[in-house]
Amino acid sequence: MALLGGLLDKFRQGLKRTQDVVLRPLGHLLHLKRLDEGQLQEMEDLLLQADLGVHAVDRLMARLRHELKRSGEVDPKAILREELLKLVQGHEARPFTPSGTQVLLLVGVNGVGKTTTLGKLASRLKGQGGDVLIVAGDTFRAAAIDQLEQWGVRAGVEVVRNQMGGDPAAIAFDGASRARAREIPWVLIDTAGRLHTKDHLMKELDKIRRALQKVIPEAPHRVLLVLDATTGQNGLKQAEIFSQVAGVTDLVLTKLDGSAKGGVVVPILEKLRLPIAFVGVGEGLDDLIPFNAEAFVEGLLDA
Ligand code: GDP
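Throughout, residues of each chain are indexed from 1 in the direction in which the sequence is written. Only residues with pLDDT of at least 70 are given local features in this predicted model, and only at 80 or more are side-chain atom pairs given and counted; all residues enter the totals for whole chains, interfaces and linings. Think of the side-chain values as coming from all heavy atoms in the structure, minus any hydrogens and water.

Comments concerning the site of the ligand
Then, number 1: Whether a residue is near a molecule or strand depends on its heavy atoms: it is near if one of them lies within 4 Å of it. Every one of the 17 residues lining the ligand counts as a neighbour, but Gly111, Thr115, Thr116, Asp257 and Glu283 are closest to it.
Then, number 2: N or O atoms within 3.5 Å of each other form a polar contact, as long as, within protein, one can give a hydrogen and the other can take it, and as long as residues adjacent in sequence are counted only when both atoms are side-chain atoms. One nitrogen or oxygen atom from the main chain of Gly113 is found 2.9 Å from an oxygen atom belonging to the ligand.
Then, number 3: Between the ligand and Arg141 there is a distance of 3.0 Å, counted from an oxygen atom to a side-chain nitrogen or oxygen.
Then, number 4: It is helix α7 (residues 114–127) that contributes the most residues to the shell around the ligand, four residues altogether.
Then, number 5: Here the term charged refers only to Asp, Glu, Lys and Arg, the term nonpolar to Ala, Val, Leu, Ile, Met, Phe, Trp, Tyr, Cys and Pro, and the term polar to all other amino acids, Gly among them. Class assignment for the residues of the shell around the ligand results in three nonpolar, eight polar and six charged. A run of DSSP states H or I qualifies as a helix once it reaches four residues; a run of E qualifies as a strand once it reaches two. Both are numbered from the N-terminal end.

Here it is, written out as C-alpha cells:
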C-alpha cells in the first residue's frame, strides 16, 4: 500500500463526500463480527446509496450472509474490500506513453467537465515530458473556447482555435498537421457536447475522424468519454449511447470529489466494460489522477 502513497491521498480526497454522506455511517457496521438481519439491511441500504449498483451490492451481501452462516463470525470490512477489488480490478487503462504524434479525442455532454479535464490532462502529459497541443474543436461554445485558452495558459500548452461556428473537422485537421510537422507527441481535441441525436453526433465525429486520418492514418489513437460522477448511475444511459457511436476507448470520471455517489465506479465498469483512465478529484491542475483499483477501494472503505 506504501507504493500507492500520494495516489491514495488523492482518492481519499475524491471520495470524501461519499464517505461523509454514506460510508461513515457504515463504519460501525464494518467492525462488527456478528451482524443481525437489521444490521445487514442497514448495510445494504448504505451501499446502495453510495451507488455501487444492485448487482454489486447483491453480490457483497450474499457473500457476507454466506460467511455468517458458515462460520458465525465475519470481518465485514475485509470481505467488502476483497469483493470490491474483484469487481474493479483488471480494468486499468493502457498507459499514456508517447510514440510519434498521438491524437486523443475527448467526448461527452456539456457540463460534465470536459474542458477542465482537457486542461488537467494537458498539464499531466506535459509534466511527463511531452509537449501538448490542445484543439478547441467545440466551435459553438465561445465560453468553452475561452476557458480552454485559459487552461492552455495554466498548463503552458498551445491552444489551436478557429472562428466561432467554424468547421470542427477543419480545426482538427489543422491541429494534427501542426503537431505532426512540429513532432508534438500529444494532440488533445475537444468535441461538441450537444447531444442532438445519435446520428448527428456520429456524423460530426466521423467527419473529424476522416479529417484527422488524412494527416495521421491511425488517428484518433484514443477516444476518452468524460462522465460526471455526480449524476451517478443516471448518466449511464447517455454514456452507453456515446460509447456505441464514438468508438470510446477510455473513460474519465470527473467530480468524484463533489459526488456522494463515488460507488458509481463499480456499475460504470460493469456496464460499459471500458477502462477508467482518469478520475477528477477537484478543480486544480493536478486534480486528475489515474484510476487505481486498490486506491479506490481503500479510499472508499477507509472512513
Ligand atoms: P464542460 O461543459 O463539459 O466543458 O464542463 P467544464 O469543464 O466547464 O466543467 C463544468 C464545471 O465542473 C466547472 O465548474 C468545473 O470547475 C467543474 N469540474 C470539472 N471537473 C471537476 C472535478 O473533478 N471536481 C470538481 N469539484 N469540479 C469539477
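Moving on from the model shown.
Details of the sheet that holds strand β8 (residues 288–290)
Then, number 1: Paired strands, as defined in this entry, are two strands with at least two bridges between them according to DSSP. If you walk across this open sheet you meet the eight strands as β3-β2-β4-β1-β5-β6-β7-β8, and the pairing is mixed. Strands with a single pairing partner mark the edges of an open sheet, and in this sheet they are β3 (158–160) and β8. The average undirected angle you get between the axes of adjacent strands in this sheet is 25 degrees.
Then, number 2: The pairing of strand β6 (residues 250–254) with strand β7 (residues 276–280) spans three bridges and is classified as parallel. Bridging from a neighbouring strand, Val252 pairs with Phe278 of β7.
Then, number 3: Any two residues whose heavy atoms approach within 4.5 Å at even a single point are treated as in contact. For helices, the axis comes from a line fit to the C-alpha atoms of the stretch in contact; other axes are also lines fit to C-alpha atoms, and the angle between any two N-to-C directions lies between 0 and 180 degrees. In the packing of helix α1 (residues 5–14) onto the sheet, the strands contacted are β7 and β8, and the crossing angle to β8 comes to about 125 degrees.
Then, number 4: Along the sheet, helix α11 (residues 236–246) makes contact with β1 (102–107) and β5 (222–228), crossing β5 at roughly 170 degrees.

Details of unusual backbone geometry
Then, number 1: For the peptide bond that leads from Ala219 to Pro220, omega is -5 degrees, which places it in the cis range.
Then, number 2: With respect to the helices and strands, Pro220 occurs in the loop between α10 (198–215) and β5.
Then, number 3: The phi dihedral of Lys255 falls on the positive side, at around 55 degrees, and the residue is not glycine.
Then, number 4: Here Arg273, not a glycine, exhibits a phi torsion of approximately 55 degrees, which is positive.
Then, number 5: Within the element layout of this structure, Arg273 appears in the loop between α12 (265–272) and β7.
Then, number 6: The class of Arg273 is exposed, set by a relative accessible area of 67%. Each residue is placed in one exposure class: buried if its accessible area under a 1.4 Å probe, protein chains only, is under 20% of its type's maximum, exposed if it is over 50%, and partly exposed if it falls in between.

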